[in-house]
2 protein chains.
Amino acid sequence: MERQIEINRDLAGAGEEWAHKNREVLREHGVTMLNLIGSPGSGKTALLEKSAGMLSGKMRFAVLEGDIETDRDAERLRRAGVQALQLSTGGACHLSAQRLHTGLQELDLGSLDTLFVENVGNLVCPVEFDVGEQAKVAVLSTTEGEDKPAKYPALFREASCTVITKTDLLPHLCFDMEACLHDLQAVNARKPIFRVSSISGDGMQDWIQWLLAQKAGG
Amino acid sequence: MERQIEINRDLAGAGEEWAHKNREVLREHGVTMLNLIGSPGSGKTALLEKSAGMLSGKMRFAVLEGDIETDRDAERLRRAGVQALQLSTGGACHLSAQRLHTGLQELDLGSLDTLFVENVGNLVCPVEFDVGEQAKVAVLSTTEGEDKPAKYPALFREASCTVITKTDLLPHLCFDMEACLHDLQAVNARKPIFRVSSISGDGMQDWIQWLLAQKAGG
């Protein structure tokens, strides 16, 4: 067991070094990196698609797409006119700082001010790893149920904001928004919570303003 | 790196031993164990709640609930009259065979013929570990989108069947069922696919028949 802990420390140390390198490269180019984390199908790609149109002319951004298999998300974003690069994780449940570094090397960072990372759909593992991002963004869909902040608190505690997606489906769901907000505030009292629909565009404006503020502060 | 691989082999070996122990205990008591795996909010607990009513008098079963935090799912099931035991994973992204073994020791296995495991909501990590189950069941909700079998193929390849949940929401979604079934068949051609709504009960009968057949063959 001692040996296992020692090895885990070694691995964590290597990850921290790569995260540090990423931070250096991003700072050098004045790029703010935001790491989107949410369940599979929580609407991360749709949120980026919708945001892309609203950020046009206000932000120069690209997306690093982390997935286990396929480049479908990067293709979707490219169809929306977004510069998107697919990074396969080779079966791993999260994007590592090292894998992400290879992505940074393929992008023309000088032409960007913001870089979105869409992590592998997973509420647990991507939270545990610093990849050199300025902020983590929690993405939670109404269709997942209001109990997720209480059941998976680490993400919502770590994230700089939470985006509750798919609000257009609320009339068809038994989703208790009040309970969800209560649990979110219990784990992360002061961080912004955005309620959006990437279909109707409802609530998107506040999220876009938050994004633009990150760029300015980056 | 060699040392890391060696340690991972040691850990995998220990997991296999616990899985073997679980299998022995279950066989001794004639209990079939089914491991439900799906995203957070994919409707695993709701499926078990709905199934419980339909299995009454036909199956003697209990549920082991794996969660990182809270015992909300076990409470929900107990309200539905189900014998449910909550197992905290202590932050881990999946239930280990060893953690599950502690659950087996707390149950009166002699009174059961079937044991459901509701794993931590995660499409990746729980797939990699044998916990001694007879079969894995993939749970995919329509609200997650039809692309999940292609993006997370390991689960759908390993699972003995797939349950597509939340079909009552289809009229409100852009879910391409044909594409989903096509991708499912590409990774796992011959396994049953059930399309159900735990709200309306649509499609539940075939899933219940499959469950009863597992018991008979167990």
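In this text, all values refer to a predicted model and were calculated from it rather than measured experimentally.

J.: I'm lost on the overall build of chain A in this one. Help?
T.: Helix and strand content of chain A: 8 helices and 7 strands. Taking 218 residues into account, the globule formula puts the C-alpha radius of gyration at 17 Å, and chain A, at 17 Å, falls close to it. Seen through its principal axes, chain A has C-alpha atoms that stretch 50 × 50 × 35 Å. Taking all contacts inside chain A whose residues are at least 6 apart in sequence as the whole, residues at least 24 apart take part in 72%. For chain A, the accessible surface area stands at approximately 9200 Å², while carbon and sulfur atoms represent 48% of it. Taken together, the 23 basic and 31 acidic charged side chains of chain A have centroids lying 2 Å from each other.

J.: Even after reading the chapter, I still don't get the interface of chain A and chain B, so can you show me in this structure?
T.: Reports often express the size of an interface as the amount of accessible area lost when the parts come together. Listed as interface residues are 36 residues of chain A and, on the opposing side, 36 residues of chain B. Taken together, the two surfaces of chain A and chain B that pack against each other cover about 3000 Å², and 57% of this comes from carbon and sulfur. Viewed at the interface, chain B and chain A are joined by 6 salt bridges. When the shortest N-O distance is used, the salt bridge between B:D183 and A:R72 registers 3.1 Å. Every element with two or more residues in the side of chain A that touches chain B is listed here: α1 (2-29), α3 (72-79) and α5 (148-151) of chain A. For the side of chain A that touches chain B, the element with the most residues is α1(A), which contributes 5 residues.

J.: Explain helix α2 (residues 44-55) of chain B here, please?
T.: Helical geometry: 3.6 residues make up each α-helical turn, so side chains three or four residues apart lie on a common side. Residue and element names in this part refer to chain B. In this model, α2 (12 residues) spans 16 Å end to end at C-alpha, consistent with the 16 Å of a helix rising 1.5 Å per residue. When we look at burial in α2, the residues that qualify are K44, T45, L47, L48, S51, A52 and L55. Each buried residue of α2 sits inside an arc of 150 degrees when the element is viewed along its axis, so together they form one side. Phi turns positive one or two residues past the end of α2, at G57, with a value near 85 degrees.

J.: Explain the packing of aromatic side chains here, please?
T.: Two aromatic rings are characterised by how far apart their centres lie and by the angle between their planes. According to the stated counting rule, one finds 8 aromatic pairs over all chains in the structure shown. Centre to centre, the rings of A:W207 and A:W210 are 5.9 Å apart; their planes meet at 10 degrees, and the pair counts as stacked. Taken together, the positions of A:W207 and A:W210, both in helix α8 (residues 204-217) and 3 residues apart, correspond to about one turn of that helix. For A:W210, a relative accessible area of 12% corresponds to the buried category. When the ring of B:F61 is compared with that of B:F116, the centres are 5.6 Å apart and the planes differ by 85 degrees; the resulting orientation is edge-to-face.

J.: Please explain the nonpolar core as it appears in this structure.
T.: Considering soluble globular proteins, one finds that nonpolar side chains tend to be buried as a cluster. Counting 45 residues, the largest nonpolar core has A:L155, B:L155 and B:F156 as its most contacted members. Mapped by element, the contributors of at least two residues to this core are β5 (135-141), α6 (153-158) and α7 (177-187) of chain A together with β5 (135-141), α6 (153-158) and α7 (177-187) of chain B. Here this core gets 5 residues from one element, more than from any other, and that element is α7(B). Not counting chain neighbours up to four residues away, the residues in contact with B:L155 comprise B:I37, B:L123, B:V127 and B:A138.

J.: Please explain the sheet that holds strand β7 (residues 193-195) of chain B as it appears in this structure.
T.: Two strands in a sheet stick together by hydrogen bonds in their backbones, pointing the same way (parallel) or opposite ways (antiparallel). Residues and elements named next belong to chain B. Spatially, β3-β2-β4-β1-β5-β6-β7 is the arrangement adopted by the 7 strands of the open sheet, whose pairing is parallel. Looking at which strands have only one partner, the edges of the open sheet turn out to be β3 (83-88) and β7. Strand-to-strand twist across the sheet, computed as the mean angle between neighbouring axes with direction ignored, equals 20 degrees. Here strand β2 (residues 61-67) runs beside strand β4 (residues 114-118); their pairing, made up of 5 bridges, is parallel.

J.: Please clarify how empty space enclosed by the protein should be interpreted in this entry.
T.: For the structure on display, the rule yields 3 cavities of 30 Å³ or more. Estimates place the volume of the largest cavity at around 50 Å³. In this structure, the largest cavity is lined by 15 residues; those nearest its centre are A:P40, A:E144, B:P40, B:S141 and B:E144. The class makeup of the residues in the lining of the largest cavity is 2 nonpolar, 9 polar and 4 charged.

J.: I tried to follow the pattern of salt bridges on my own but got confused; where do I start?
T.: For side chains bearing opposite charge, pairing can occur when the charged atoms are close. All names here are of chain A. Going through the model one piece at a time under the given rule, you end up with 18 salt bridges over all chains. The partner of D113 in a salt bridge is R60, with the nearest N and O atoms 3.6 Å apart. Linking D113 in the loop between α4 (97-106) and β4 (114-118) with R60 in the loop between α2 (44-55) and β2 (61-67), this pair joins segments that are 53 residues apart in sequence. Residue classification places D113 among the buried positions, given a relative accessible area of 12%.

J.: Hey, could you run me through the sheet that holds β4(A) in this one?
T.: All names here are of chain A. Pairing is parallel in the open sheet, where 7 strands are placed in the order β3-β2-β4-β1-β5-β6-β7. The strands lining the two open edges of the sheet, one partner per strand, are β3 (83-88) and β7 (193-195). Looking at each pair of strands side by side, their axes are set apart by 20 degrees on average, direction ignored. The sheet strands contacting α3 are β2, β3 and β4, and the helix crosses β3 at an angle near 180 degrees.

J.: What is the right way to look at the environment of B:E106 in this model?
T.: Inspection of the secondary structure assignment puts B:E106 in helix α4 (residues 97-106). Distance in space between the C-alpha atoms of B:E106 and B:Q185 is 39 Å, their sequence separation being 79 residues.

J.: Looking at this structure, I do not really get the environment of B:Q185. What am I missing?
T.: Here B:Q185 lies in helix α7. On the basis of relative accessible area, B:Q185 is assigned to the partly exposed category, the value being 44%.

J.: Help me out: how do you make sense of the relation of the copies chain A and chain B in this one?
T.: The two chain copies are connected by a rotation around an axis plus a translation along it. Mapping chain A onto chain B leaves a residual RMSD of 0.0 Å; the transformation is a rotation of 180 degrees accompanied by 0.0 Å of translation along its axis. Given the turn and translation reported, the copies of this chain are related as if by a two-fold rotation axis. Comparing interface residues between copies, 100% of those in chain A also lie at the interface in chain B; the contact surface is shared.

So, how was this worked out
Residues numbered from 1 in each chain as written. Chains lettered and ligands numbered in written order. Predicted model: local features only at pLDDT ≥ 70, side-chain atom pairs only at ≥ 80, totals over all residues. Heavy atoms only, no water. Helix = DSSP H or I, 4+ residues; strand = E, 2+ residues; numbered from the N terminus. Rg over C-alpha atoms; globule rule 2.2 N^0.38 Å. Contact = heavy atoms within 4.5 Å. Areas by Shrake-Rupley, 256 points an atom, 1.4 Å probe, with all protein chains shown as cover. Lys, Arg positive; Asp, Glu negative; His and termini not counted. Charge placed at Lys NZ, Arg CZ, Asp CG, Glu CD. Buried area = accessible area lost by both parts, 1.4 Å probe. Salt bridge = Lys/Arg side-chain N within 4 Å of Asp/Glu carboxyl O. Expected span 1.5 Å × (residues − 1). Buried < 20%, exposed > 50% of the residue type's maximum accessible area, 1.4 Å probe, protein only. Arc of directions from axis to C-beta. Phe/Tyr/Trp six-rings, centres within 6.5 Å; stacked < 30°, edge-to-face > 60°. Core = buried A, V, L, I, M, F, W, Y, C linked by side-chain atoms within 4.5 Å. Pairing = 2+ DSSP bridges. Axes fitted to C-alpha atoms, helices over the stretch in contact; angles between N-to-C directions. 1 Å grid on protein atoms, 1.4 Å probe; cavity = no way out; pocket = protein on both sides within 12 Å on 5 of 7 lines; lining within 4 Å. Points joined across faces, edges and corners; volume = space filled by probe spheres on them. Nonpolar A, V, L, I, M, F, W, Y, C, P; charged D, E, K, R; others polar. Least-squares fit on C-alpha atoms with pLDDT ≥ 70 in both.

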